[in-house]
Amino acid sequence: MERIDLPAVGPTDLPISLLEMGCSGRFELITHPQPNEQPLPPQSSLPHGLPPTSVGLETEVEKRFLRDPAWLPIHDTDAAFHRFLKLAERDVHVDSLLHCAPSTMHSGISVIRDPTTGMLLDFTEVLLGDTGISAKNSMSLQRPPNPNPSESLRGSNTNYPFLPGGMEELTLEQIKKKSELEEDIDFENGLLTVPPGLKVGMDFSDKDAKTTKGEINLLSLLSTFDDIVDSQPEAEEKEKGHGSGNAPKLPRTNSLEDLGIKDSPSTPGITSTEKKDGGTTKPGEGQEEKKRWAIPVDITSPCGDFYKRIPNPAFKYPFELDVFQKQAVLRLEAHESVFVAAHTSAGKTVVAEYAIALSQKHMTRTIYTSPIKALSNQKFRDFKTTFGDVGLLTGDVQLSPEASCLIMTTEILRSMLYNGSEVIRDLEWVIFDEVHYINDAERGVVWEEVLIMLPDHVSIILLSATVPNAVEFSEWIGRIKKKHIYVISTAKRPVPLEHYLYTGNSTKTQKEMFLLLDPTGNFQTKGYYAAIDAKKERTSKHAQSFGTKNASQNTTPNQDRAVWLSLLHFLSQRQQTPVVAFTFSRTRCDDNARSLTSMDLTSSVEKSEIHSFFQKSLSRLRGGDRQLPQILLMRDLLKRGIGVHHSGILPILKEVIEMLFSRGLVKVLFATETFAMGVNMPARTVVFDSIRKHDGTGFRNLLPGEYIQMAGRAGRRGLDATGTVIILCKSGVHEMGDLHVMMLGKPTVLQSQFRLTYTMILNLLRVEALRVTDMMRRSFSESHRDTQAHEQQIGQLKQTLSSLPPLDTEGQLSDLLPYYYTVTELRITAEALQCAVLGSVNGLKALSVGRVVVVNNKQHFNALGVLLQVSSDSVNRTFTALIICEKGNEEGRGDSLNASAFPHLYNTALFIPEGPCSHTVQKLKLQDVSAITVKTLKVIPDRIIDNYNKRQQPRFRLDPPGQAISTATQELLRLAEANPGGLVTLDPVNDFQLKSVDVVEGTIRLRVLQDSLKDFNCIHSPTFSEQFLRVQERLSVQEELDKLLFLISDQSLSLLPEYHQRIKVLQSLQYVDSSGAVQLKGRVACQISSHELLLTELLFENALSTLAPEESAALLSCLVFQQKTQVEPHITNTLQEGIERVLAVAQRIGELQRDCGITQTVEEFVGQFKFGLTEVVYCWARGMPFAEIAQLTDVQEGTVVRCIQRLDEVLKEVRQAARIVGDSVLGSKMEKASLAIRRDIVFTASLYTH
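This structure is a prediction, so every number in the text was calculated from the model and none was measured.

How each quantity is defined
Residues numbered from 1 in each chain as written. Predicted model: local features only at pLDDT ≥ 70, side-chain atom pairs only at ≥ 80, totals over all residues. Heavy atoms only, no water. Helix = DSSP H or I, 4+ residues; strand = E, 2+ residues; numbered from the N terminus. Buried < 20%, exposed > 50% of the residue type's maximum accessible area, 1.4 Å probe, protein only. Contact = heavy atoms within 4.5 Å. Areas by Shrake-Rupley, 256 points an atom, 1.4 Å probe, with all protein chains shown as cover. Pairing = 2+ DSSP bridges. Axes fitted to C-alpha atoms, helices over the stretch in contact; angles between N-to-C directions. Salt bridge = Lys/Arg side-chain N within 4 Å of Asp/Glu carboxyl O. Expected span 1.5 Å × (residues − 1). Core = buried A, V, L, I, M, F, W, Y, C linked by side-chain atoms within 4.5 Å. Phe/Tyr/Trp six-rings, centres within 6.5 Å; stacked < 30°, edge-to-face > 60°. Lys NZ or Arg CZ within 6 Å of the ring centre and 35° of its normal. Polar contact = N/O pair within 3.5 Å; in protein donor to acceptor, adjacent residues only side chain to side chain. Parallel < 35°, antiparallel > 145°, perpendicular 65-115°, else oblique. Left-handed = near helix turned anticlockwise from the far one by under 90°. Nonpolar A, V, L, I, M, F, W, Y, C, P; charged D, E, K, R; others polar. Right-handed = clockwise from strand over helix to strand, strands pointing away. pLDDT = per-residue confidence, 0-100.

Q: Describe the overall build of the protein, with residues and values.
A: Along its length, the protein carries 43 helices and 28 strands. Of all 1250 residues assigned to the protein, the portion counted as buried reaches 45%. Relative to all contacts within the protein whose residues are 6 or more apart in sequence, the contacts with residues 24 or more apart total 72%. For the protein, the exposed surface amounts to about 66000 Å²; the carbon and sulfur share of it is 54%.

Dropping the structure here:
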């Protein structure tokens, strides 16, 4: 049978086809047969089939070489162009020039439903507000979220921040202020009524739809409820007329009372003056003026109905809460902000935990900020075990940033706020731990910036050690955020403390411990004297055998060792370990620990536990790093139960020590002050090696706040009945006064450390709606400014001013105002001279008993008096004097109208009584004595005063005056009659020998002014004194008003001059232009958190481009290293040139700052940059092991590690900055440098985060 050759089975014959799923590269098999007209498989689920795999080569070549104008020759372009046109024959599309992006839709579709059934009835078009807003042009929370996930966490420095809470939108006053280009439009006359191109225009003539003033029109009320649609055209017409009249814009509100309707009969609506003055006064704010923002919460009475008010709490505690904790939880449930001030270990963390639990329940987020990175790591571990959903953001670590509770340092939160991070949207709480850190001179400003920048919807929880001014501080926060802050402070310690003095120094005297302060807070002086006796007994024996020797403050290491050995034996016998020994120097910490070679405080079981934990923790380190001398030494110490904790210890070792200490395996820990600040680890006993510390400038005693903070580490809640605090008396017993102040003094007050930084100024300048002056006005340093109260007073003063009678300055009175100003200046000059005289020795000598003076006050006019007594109070000095007066005017019922016109200033004629001469004895103030004459009288002051006082009693009222008084009165009268034109007075310059410039100029000015007063006409007018009083009243009100207006203006800000100086610096370096717009350099500087000017200048001068990655890392180490070193680094020539270049730039910036008026000297500015670690960093970046690096310098290992970690953050910032400038080479170089230093022990992850 013949074979039939069938054609090979084609794809169409098989009942199978392939379907490609999108562009994913995944195929699915379809088994049902395809109709014939289908295209051949593989088919695709894409609408237009698969994209072509490669473009034809021809079209590619044509496109690249023939149609691309970039390939045209530079010369002989015409011929080439014609050739090109022939080739290309392009179609001309004029329309393409007109292409513009479509604007966003201004309206959307909304559904109308039946309110009862929910059925769809209709669709309606609604206008959308805020359509064109984005993170680049608006601070509103309505702006669309950032689609870029990398930017949504930290934000971007081109984003606007969200509007800070308590910062209003612009007020009317600010809107009314015109720039130079704007001009006033007269809305009454000369209006253009016909628009160009139209025949008919608008009619602006007044319709008679005037409404009565004061009554609130119902229609204007309705118009504020925008859900009621008004359909009557007449009403709308009326509304228009009304709007141009005086209808106030009322705020939306839920009850009519808030609208101030109740008051409308008595107070006519909202008067126009109120609108004019405040600009923003709303009717509802009348009551707000009086309220306090900080509300102290009473925690003395128990909170009985707690469980009734919170039946199902967000977080259940295994123990009963204290009253202060319950009160705080109640406030949190009501979404209020709280300030909790309590001692360490009182349980403030409960408040933070409850807030985190609440936010998890509400599906919102919480940010927990702490001042110290170590504290952040610890809190991360604690909260992670409690809540699970916790993230950590520090300079170099970023763990689960999408978590609902984020733990970070305050600096990171600040940059998130400035850069408009998306996290802020969902934020419900920000918890500030250790708020008393706001007193830190270097970093305190960060807390203030964050508090000012937080948006309105975020509530604030502040946790702090006990501070005296918690209410004042909370009042400030409440006022700037316009929300109540509930202040909960408790001075109760859960574990009371006993404070002892310890004088022992040998096995014989090891029990010499004397109670100084008992748990109830009573100072035991008997304990103090017992300690002194114990110390004295020993020194006297010593003195008997060897002769006296001056007991120096410093003790030898051997003496120290003896004291520590006896104390620790004594404490371990009494089972008072673990002990924290606070020592205020790192070297002393190390020496003390090393000297205790013979001490062993751990059992064999504990030793093995310590050993295994130590090995396990260090298993991550490379072999070489495990053999570092510090690690070997510490391993030896730890096995014997001794630890050391200070900034020179390697971070991983510090964490090992902290963890062993919290397990109770480290029995004695020698620590510096940072342990008390940053680590929440209580002990049984706290020992103070000394009570003096060096604070960077000199030695001083501990402040009460520092002592309390450290002593508070004694006593573990639930384990110890009392905590023990011991102060060592090594060389001698400390002064009792010092101890008393330190133990019972007031803790440090929270003070503002607000200062202007260039980063802050640039960050605020790039957003038009935020002004730097707003930030300054809201800082804690300006918290004394109560603008609201001032505005109220201003309103009242303006009303007073408008109600005063008009001035008559016609004819003879035409020079009344100049006269008033001259008299005022004269008075001020005279008073200043008087103060100078009385402040001088000669002046006080002259004002002694018997001196004749000229007296002017409400009662007397140029009357002579003689001094009888001078009070000893130097602040408000008073003089008792005998003064002559008219008969009948002894009590001062005379015509006092004239007094306020100061006639004595131009009229030196002395007072001579018209009738019989009488006298009075009065206490005079400084300002009553208008002149000191050259004359003195012999008087017997006691007799005169006694006689006068006796005659003031009713029954002796009619007795004749005594001999002494009569003589003195006659003498004064005789002097007055002999010199009616005025007595010769003592001259400040010639007689009192006051030669300072002010006094000499004042005296000359006084003479000129006195002479000029005679030439005024107004003094001869019959109505002069009445008119003068009017002028005085009006102008004194005006002065007060000007003073208040100045106080609420920006001109009175204490930092304003410095702000202008810094702006001048930025302008001359071209970071901002003359109008204050931020330029490219400014944008770069915004990225950099410290030393921003120097780094930006180096970037723009390409100073880093010539260096290798490891050299640039070494050079930039000068920005993070702050200690002094004795070792001179050996470095390459290029690095040396780099250093010189950095110093030259720093010198230039320093000089520029000085020229612009900033107080920092050039030496100070240049001196901030220390190059002690350049060699270390250079070698580290080139791969040298850490053990060898530690040999290169005398800086301790922990400090080196910390510097390199911070250097990595600087490199990241420079990388970002390089990206903005577009310098990709520098960016990748920084990346390389960063990779080179991120290795081994320096970047071992924290034990707390695993």
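Q: Describe the sheet that holds strand β10 (residues 398–399), and please don't skip the residues or the numbers.
A: Here nine strands make up an open sheet; going across it, the order is β6-β14-β7-β13-β12-β8-β11-β9-β10 and the pairing mixed. Both edges of this open sheet fall to β6 (294–296) and β10, since each of them pairs with a single strand only. Sheet topology note: the strand β7 (residues 337–341)/strand β13 (residues 459–464) ladder contains four bridges and is parallel. Along β13, the bridge assignment pairs F339 with L462. Lying over the sheet, helix α12 (residues 410–418) contacts β8 (365–370), β9 (390–393), β11 (405–409) and β12 (427–432), oriented at roughly 105° with respect to β11.

Q: Please set out the sheet that holds strand β17 (residues 579–582) residue by residue, giving values where relevant.
A: Spatially, seven strands are ordered β16-β15-β23-β20-β17-β19-β18 in an open sheet, and the strand pairing comes out mixed. Across the chains shown, the open sheet's two edge strands, defined by having one partner strand only, are β16 (513–517) and β18 (642–645). Pairwise comparison of adjacent strand axes, ignoring direction, gives a mean angle of 25° for this sheet. When strand β20 (residues 685–688) meets strand β23 (residues 723–728), the two strands line up parallel, connected through four bridges. For T685, the partnering residue across the bridge sits in β23 and is T724. Contacts from helix α21 (residues 651–662) reach β17, β18 and β19 (668–671) within the one sheet, and its direction differs from that of β18 by about 130°.

Q: Lay out the pattern of salt bridges with the relevant residues and their values.
A: On inspection of all chains with the given rule, the structure shows 30 salt bridges. For the salt bridge of R594 with D591, the shortest nitrogen-to-oxygen distance reads 3.7 Å. Of this pair, R594 and D591 both sit in helix α17 (residues 586–595), three residues apart, which is roughly one turn of that helix. Residue R594 is classed as partly exposed on the basis of its relative accessible area of 42%. Across the pair R1148 and E1097 runs a salt bridge, and its minimum N-O distance is 2.5 Å. Residue R1148 is located in helix α38 (residues 1133–1155), and its partner E1097 is located in helix α36 (residues 1092–1100); the two are separated by 51 residues in the primary sequence. Salt bridges sharing partners connect three or more residues here, namely E673, K693, R700 and E706.

Q: Break down helix α34 (residues 1056–1068) for me, with residues and values.
A: With 13 residues, α34 extends 19 Å between its outermost C-alpha atoms, agreeing within 8% with the 18 Å of an ideal straight helix rising 1.5 Å per residue. Every buried residue belonging to α34 is among L1056, Y1059, R1062, I1063, V1065 and L1066, and all of these are buried. Where the residues of α34 are buried, they touch α25 (758–765), α26 (772–777), α36 and α38. One or two steps after α34, the chain reaches Q1070, where phi turns positive at roughly 65°.

Q: Could you give an account of the nonpolar core, with specific residues and numbers?
A: If you look at the biggest cluster of nonpolar residues, it comprises 210 residues, and the most contacted ones within it are F432, F473, F688 and L1116. With ten residues, the single largest contributor to this core is helix α42 (residues 1197–1221). Not counting residues within four places of it along the chain, the set of residues in contact with F688 comprises F582, F584, L702, Y707, M710, A711, V725, I726, I727 and L728. Residues L847, V854, V939 and I1019 belong to the second largest nonpolar core, which totals 59 residues.

Q: A description of the packing of aromatic side chains should follow, citing residues and the corresponding values.
A: Both the distance between ring centres and the angle between the ring planes are used here to describe each pair of aromatic rings. Evaluated as defined, the whole model comprises 19 aromatic pairs. With a centroid separation of 5.3 Å and an interplanar angle of 80°, the aromatic rings of Y368 and F383 are classed as edge-to-face. You can see Y368 sitting in strand β8 and its partner F383 sitting in helix α11 (residues 373–387), a full 15 residues away along the chain. Take F383: its relative accessible area is 0%, and that puts it in the buried class. Each member of the aromatic cluster is reached from another via a ring pair, and the members are F315, Y317, F319, Y368, F383 and F387. Note that R1239 overlies the ring of W1180, its terminal NZ or CZ placed 3.6 Å from the centroid.

Q: With reference to specific residues and values, describe the environment of C885.
A: Here C885 lies in strand β26 (residues 879–886). Sequence separation of C885 and L864 is 21 residues, and the distance between their C-alpha atoms is 8.8 Å.

Q: Break down the side chain of S1246 for me, with residues and values.
A: Within the secondary structure, S1246 sits in the segment after α43 (1224–1237). Residue S1246 is classed as buried on the basis of its relative accessible area of 13%. Among the polar contacts listed, one links the side chain of S1246 to the side chain of E655, at a separation of 2.8 Å. At 3.0 Å, the side chain of S1246 forms a polar contact with the backbone nitrogen of Y1248.

Q: Please provide a residue-by-residue account of the packing of helix α10 (residues 349–362) against α11, values included.
A: Helices that pack against each other are described as a pair by the angle of their axes relative to one another and the distance between those axes. Packing of α10 against α11 leaves a shortest axis separation of 12 Å and a crossing angle of 50°. Viewed along their axes, α10 and α11 adopt a mutual orientation that is oblique. Of the two elements, α10 crosses α11, and the hand of that crossing is right-handed. Together, T349, A352, E353, I356, A357 and Q360 of α10 and K379, F383, T386 and F387 of α11 make up the contact between the two elements. Residues that form the contact of α10 with α11 fall into these classes: five nonpolar, three polar and two charged.

Q: Could you give an account of the environment of D1050, naming the residues involved and the relevant values?
A: Tracing the chain through its elements places D1050 in the loop between α33 (1024–1048) and α34. The exposure class assigned to D1050 is buried, which follows from its relative accessible area of 17%. Distance in space between the C-alpha atoms of D1050 and D774 is 8.5 Å, their sequence separation being 276 residues. Once you skip the residues sitting within four places of it in the chain, D1050 turns out to touch R771, T773, R777 and L1056.

Q: Now, about the pairing of β19: what can you tell me, with residues and values included?
A: For a regular strand, the rule is simple: side chains alternate between the two faces of the sheet. Alternating residues of β19 divide into V668 and F670 and L669 and A671, and every residue in both groups is buried. Bridge analysis of β17 against β19 gives four bridges, and the strand direction is parallel. The residue bridging V580 from the neighbouring strand is L669, located in β19. The pairing of β18 with β19 spans four bridges and is parallel. Opposite G643, over in β19, you have L669 as the bridge partner. As for the winding sense of the linkage, the β-α-β connection from β18 through α21 to β19 is right-handed.

Q: Could you give me a rundown of α42, with the residues and numbers involved?
A: Here α42 spans 36 Å end to end across 25 residues, near enough to the 36 Å set by a 1.5 Å rise per residue. Count one or two residues on from α42 and you reach G1222, which has phi positive near 95°.

Q: So what about the pairing of strand β24 (residues 851–855)? Which residues, and what values?
A: Buried residues dominate β24, accounting for five of its five residues. The pairing of β24 with strand β28 (residues 929–936) spans four bridges and is classified as antiparallel. Across the sheet, the residue bridging to V854 is A931, located in β28.

Q: Explain the confidence of the model for the protein to me, and be specific about the residues and the numbers.
A: For the protein, the average pLDDT comes to 78, and 82% of its residues sit at 70 or higher. Confidence, expressed as mean pLDDT per element, reaches its minimum in the protein at helix α7 (residues 272–278) with 38 and its maximum at β12 with 93. Counted against residues more than four places away or in other chains, residues 226–289, with its pLDDT under 50, gives 61 contacts. A low-confidence stretch, residues 543–552 stays under pLDDT 50, and its non-local contacts, those more than four residues away or across chains, total three contacts.

Q: Tell me about the packing of helix α28 (residues 816–839) against helix α32 (residues 997–1013), residues and numbers included.
A: For the pair α28 and α32, the least separation of the axes is 9 Å and the interaxial angle reads 145°. The element α28 and its partner α32 pack so that their crossing is left-handed. Each of Y819, T822, V823, E825, L826, T829, A830, L833 and A836 in α28 lies in contact with α32, whose residues at this interface are V999, G1002, T1003, R1005, L1006, L1009, Q1010, S1012 and L1013. A per-class count over the contact of α28 with α32 returns ten nonpolar, six polar and two charged.

Q: Which residues make up unusual backbone geometry, and what are the values?
A: Of note in this structure, H335 is not a glycine but carries a positive phi near 60°. Residue position: H335 is located in the loop between α9 (323–333) and β7. Positive phi, close to 55°, is recorded for N1102, a residue that is not glycine.

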